[in-house]
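Spelled out from the first residue to the last, the chains are:
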Amino acid sequence: MIDKIDFIKSLESAREYWSDKTKSELVSLLGKDIARMKDFDQNNPHHCFDLFVHSLTAVDNIENRENYLLLVSAFFHDIGKPKVARKKNDRLVFYGHALKSADIIKKILEGMSFSSEDIEQILFYVTHHDDFISYILPEEACGN
């Protein structure tokens, strides 16, 4: 498993560091749940990228680069989606993915020796990352 310092450093330019990793490399660095994200088609009009690239893009678009807890949270925020994905009206929905993501990453973060305070903050960010999304704008599908 990648250590905490190297992981945080990798988030300085997440897409550059992570996007060319194979699934087997991802398994050895961060586990099977991260590997499931690679090439996972979200089949949802609000997501242009596969799940892994979506998360890397989220990391790279965080303006507050000094707050590594936000970067880590963005990297892992949707890791639970493959486990909760359900088909609805010819697309995927991911009800409960934030809580599932928090459950999955707790062990990963402990394995990288994040402090309990850091883990608590990251889990808060991940658990609440969708709290203020508006579901009223279907015309704002990805690419529109």
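The preceding data block contains the structure.
Residues numbered from 1 in each chain as written. Predicted model: local features only at pLDDT ≥ 70, side-chain atom pairs only at ≥ 80, totals over all residues. Heavy atoms only, no water.

1. Observations concerning the environment of isoleucine 79
Then, number 1: Relative to the helices and strands, isoleucine 79 is located in the loop between helix H6 (68–76) and helix H7 (81–84).
Then, number 2: Counting along the chain gives 22 residues from isoleucine 79 to serine 101, while the straight-line C-alpha distance between them is 5.1 Å.
Then, number 3: Once residues lying within four places of it in the same chain are set aside, the contact partners of isoleucine 79 are Asp33, Ile34, Met37, Ser101, Ile104, Ile105 and Ile108. (Helix = DSSP H or I, 4+ residues; strand = E, 2+ residues; numbered from the N terminus. Contact = heavy atoms within 4.5 Å.)

2. Notes on the side chain of lysine 38
Then, number 1: Relative to the helices and strands, lysine 38 is located in the loop between helix H4 (32–37) and helix H5 (51–60).
Then, number 2: Of the side chains bearing the opposite charge, aspartate 39 lies closest to the buried lysine 38, which forms no salt bridge; the N-O distance is 5.4 Å.
Then, number 3: If sequence neighbours within four positions are ignored, lysine 38 has contacts with Ser19, Lys21, Thr22, Lys23, Leu26 and Phe52. (Buried < 20%, exposed > 50% of the residue type's maximum accessible area, 1.4 Å probe, protein only. Lys, Arg positive; Asp, Glu negative; His and termini not counted. Salt bridge = Lys/Arg side-chain N within 4 Å of Asp/Glu carboxyl O.)

3. Remarks on H5
Then, number 1: With eight of ten residues buried, H5 is to be regarded as a mostly interior element.
Then, number 2: Considered for burial, the residues of H5 that qualify are Leu51, Phe52, Val53, His54, Ser55, Leu56, Thr57 and Val59.
Then, number 3: At its buried positions, H5 is contacted by helix H2 (14–18), helix H3 (23–30), H4, H6 and H7.
Then, number 4: Capping the start of H5, aspartate 50 holds a side-chain oxygen 2.8 Å from the backbone nitrogen of phenylalanine 52, two or three residues further along. (Polar contact = N/O pair within 3.5 Å; in protein donor to acceptor, adjacent residues only side chain to side chain.)

4. Some words on unusual backbone geometry
Then, number 1: A positive phi angle, near 50°, is found at asparagine 89, a position not held by glycine.
Then, number 2: When you line up the elements, asparagine 89 lands in the loop between strand S1 (86–88) and strand S2 (91–93).
Then, number 3: Accessibility expressed as a relative area gives 68% for asparagine 89, which makes it exposed.
Then, number 4: With a phi angle near 65°, aspartate 90 is a residue other than glycine that sits in the positive phi range.
Then, number 5: Of note, aspartate 90 is situated in the loop between S1 and S2.
Then, number 6: Classification of aspartate 90 by relative accessible area gives exposed; the value is 66%.

5. Here's the deal with the nonpolar core
What tends to happen in soluble globular proteins is that the nonpolar side chains get buried as a cluster.
Then, number 1: In terms of nonpolar packing, the biggest core is built from 40 residues, with Phe7, Trp18, Leu30, Phe75 and Phe76 touching the most fellow members.
Then, number 2: Elements supplying a minimum of two residues to this core: helix H1 (4–10), H2, H3, H4, H5, H6, helix H8 (97–111) and helix H9 (116–127).
Then, number 3: The element contributing the most residues to this core is H6, with six residues.
Then, number 4: The residues contacting phenylalanine 7, other than those within four sequence positions of it, are Ile2, Trp18, Leu30, Val72, Phe75, Phe76, Met112 and Phe114. (Core = buried A, V, L, I, M, F, W, Y, C linked by side-chain atoms within 4.5 Å.)

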